[in-house]
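Given next are the chains, with one letter for each unit.
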Amino acid sequence: NIDVIFFSCFDHNEGKNNHGLFQMFEFFKQHVDSKSLFVSSMQGIYKNNKDVYDISNLGENLKLAHQINSTFAMLAKHSPDLWINKFVNRQEYINHASEVLIKNLPEHKFIALADKVDIDLFVLEKVLKHFNSKVIILSAASNTWTGYCSYPDEFNCDKYKTENGCGYPCPAIKNHSEIVARNNVNDEFVAKSFDDTREFIERNKDSVLLNVGSTFSLKEANQSFLFKDIEKCLIPLKNSYADETFEVLWNKKRENRKQFLETLKNNNPNLATEKIKFIAMWSAHDIGLKRKGIDYYINSLRILKYFLKFYRFEEVLLIFSCGLGEKESVKILSEIGMPVVFTGHIEKEKYNFLLSSSDVYCSTTLSDAGPRTTFESAALATPIISFDKCNASDLINKNNGALIDTYDVKAFAEEMYRFANYKDDDKKKISENLYNDYNSLLETKKLADNWKKFLKKHEV
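Quick look at the structure, then. All of these numbers come straight from a predicted model, not from anything done at the bench.

## Looking at the overall build of the protein chain
Helix and strand content of the protein chain: 19 helices and 13 strands. What you see for the protein chain is a C-alpha radius of gyration of 23 Å, in line with the 23 Å of a compact globule of 460 residues. Projected onto its principal axes, the C-alpha coordinates of the protein chain cover approximately 75 × 45 × 40 Å. Relative to its 460 residues, the protein chain shows a buried fraction of 57%. Restricting to contacts in the protein chain with at least 6 residues of sequence separation, those with at least 24 account for 66%. Total accessible area computed for the protein chain in this model is approximately 20200 Å², and 48% of it derives from carbon and sulfur atoms. Between the mean site of the 61 positive side-chain charges and the mean site of the 63 negative ones, the protein chain shows a separation of 2 Å.

Okay, here's the thing in structure tokens:
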């Protein structure tokens, strides 16, 4: 008698509690009046066998994800233990795989997926029909309305808007997008994924729901040929909480900044930390991810240098919290002429400490379901300078940060220069505005009530 089963390959991301679907599950547990479970088909590290389960062993000699997840199945495609290789035709495989899930899943009203390939759609179809349930595809972490890739705007691709759909040549594959490179998919896989999704939705239109996290994503999803007529809800993923009063938060930010500069001075005796007046932070999983826009940020910094003039270079400290796989960008930034700190991948607590210590968070993201970093910064009242893409367009304005026309590196530099010249009172006021706007947009009760209404409206 379960309301929502959150179903994914993993309940974590690289061993950390920052998996988007799992965070949504935690929000439901704490704030939405519903009975929910989380199940992992590949690996679960938070299992408690009460409401979080690892069911990977249901795949018998392989992990369950290898048996029912479209991309993981490719990794084991030559294995004699793969269910799809054991049957004469695909329908027999679908019958067997769906029977395994039906026998082991409880009665439920909804299955929530963060990625539509986590369960083969034709296996999912039989599960939904058996339980008379519906699927909610939550794209608060990864967009899901194309043939396969999560971020079509990264490559200015609009194939997902057309009836012909995704397929050869796929720009995400041609340009080595991280999601296709990571899973080693090809044009044929992308085309099949699009066609399978089309067939699944045509037969199950009334059983498919889509959640998006921003008006930017909603607009993009409404343009999708596959999902344009699917019922959608705009409810952001809340993974950061600003529980303190602003005054408490502001005092903590000042103390964190002081502590950070003292530590920086101790670790770098030659760095004139006493001259630093402005700290700007930029982050990504990896500095070289095209959709995170590091090239545009570098160009903005070059223009900022022109505004600052030579004698003020030491006043600006640049923090980069990211993987450093793309060495050319690291080299350019190391020689930019302003103090630079590269942290590599760090724990969430240290990341928040640096973010809290910063005067601004800079986002040059070109395509994303979030990014979650926008809300993380806002929850810490660290003003954001961002391109006008993704969730920033729902939150950021001139009174709490700066929203820049995407690709306009000169305007980005001008806003950085504006913030670099703020006095303490100006900094405090704009931080307080952001704090208030964030708490208004992501008010916990409002988000929970929206989910309750949505579930009630669509339960069978």
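## Notes on the nonpolar core
Counting 56 residues, the largest nonpolar core has F6, F28 and W451 as its most contacted members. Counting residues in each nonpolar core, the second largest holds 52 residues, with V39, C149, I179 and F227 among its members.

## Regarding helix α5 (residues 90-104)
Structurally, the α-helix is built with 3.6 residues per turn, so residues lying three or four positions apart point the same way. With 15 residues, α5 ought to run about 21 Å at 1.5 Å a step, and its terminal C-alpha atoms sit 22 Å apart, in line with that. Along α5, the residues classified as buried are Y93, I94, A97, S98, V100 and L101. Buried residues of α5 fall within an arc of 150 degrees about the axis and therefore sit on the same side. In this structure, the buried side of α5 is in contact with β1 (2-10), α2 (64-68), α4 (83-86) and α6 (121-131). Here α5 starts with a cap whose side-chain oxygen sits 3.1 Å from the backbone nitrogen of Q91, and that cap is N89.

## Let's talk about unusual backbone geometry
Omega for the peptide link from G370 to P371 comes to -5 degrees, which places this bond in the cis form. Within the element layout of this structure, P371 appears in the loop between β11 (360-363) and α15 (372-379). You will see that E14, though not glycine, has its phi angle at about 55 degrees, which is positive. Within the secondary structure, E14 is located in the loop between β1 and α1 (20-31). On the basis of relative accessibility, which here comes to 55%, the residue E14 falls in the exposed class. Even without a glycine there, the phi angle at Y407 is positive, about 80 degrees. For Y407, a relative accessible area of 37% translates into the label partly exposed.

## Observations regarding the packing of helix α14 (residues 348-357) against α15
Across the interface, α14 lies against α15 with an axial gap of 10 Å and an inter-helix angle of 65 degrees. Here the hand of the crossing between α14 and α15 comes out right-handed. Contacts between α14 and α15 involve K348, Y351 and L355 from the first element and T373, E376 and S377 from the second. Of the residues that constitute the contact of α14 with α15, the class distribution is 2 nonpolar, 2 polar and 2 charged.

## Points about the pairing of β11
Every other side chain in a regular strand lies on the same face of the sheet, so the side chains alternate between the two faces. In β11, alternate side chains face the same way, and those of V360 and C362 on one face and Y361 and S363 on the other are all buried. Pairing of strand β8 (residues 278-286) with β11, which is carried by 2 bridges, proceeds in the parallel orientation. Looking across to β11, one finds that A280 is bridged to V360. Where β11 and strand β12 (residues 384-387) come together, 3 bridges link them in parallel fashion. Looking across to β12, one finds that S363 is bridged to S386. Viewed along the sheet, the connection from β11 through α15 into β12 turns out right-handed.

## Considerations on the sheet that holds strand β3 (residues 52-54)
One open sheet holds the 7 strands; their spatial order is β3-β2-β1-β4-β5-β6-β7, and the pairing between them is parallel. In the strand order of this sheet, the two ends are held by β3 and β7 (231-234), each with one partner. Across the sheet, the axes of successive neighbouring strands diverge by a mean angle of 25 degrees, strand direction being ignored. One ladder, built from 4 bridges, connects strand β6 (residues 208-212) with β7; its direction is parallel. Its bridge partner being in β7, V212 is matched across the sheet by L234. Packing of helix α19 (residues 444-458) onto the sheet brings it into contact with β1, β4 (108-113), β5 (134-138), β6 and β7, and relative to β7 it is tilted by some 165 degrees.

What counts, and where the lines are drawn
Residues numbered from 1 in each chain as written. Predicted model: local features only at pLDDT ≥ 70, side-chain atom pairs only at ≥ 80, totals over all residues. Heavy atoms only, no water. Helix = DSSP H or I, 4+ residues; strand = E, 2+ residues; numbered from the N terminus. Rg over C-alpha atoms; globule rule 2.2 N^0.38 Å. Buried < 20%, exposed > 50% of the residue type's maximum accessible area, 1.4 Å probe, protein only. Contact = heavy atoms within 4.5 Å. Areas by Shrake-Rupley, 256 points an atom, 1.4 Å probe, with all protein chains shown as cover. Lys, Arg positive; Asp, Glu negative; His and termini not counted. Charge placed at Lys NZ, Arg CZ, Asp CG, Glu CD. Core = buried A, V, L, I, M, F, W, Y, C linked by side-chain atoms within 4.5 Å. Expected span 1.5 Å × (residues − 1). Arc of directions from axis to C-beta. Polar contact = N/O pair within 3.5 Å; in protein donor to acceptor, adjacent residues only side chain to side chain. Axes fitted to C-alpha atoms, helices over the stretch in contact; angles between N-to-C directions. Left-handed = near helix turned anticlockwise from the far one by under 90°. Nonpolar A, V, L, I, M, F, W, Y, C, P; charged D, E, K, R; others polar. Pairing = 2+ DSSP bridges. Right-handed = clockwise from strand over helix to strand, strands pointing away.

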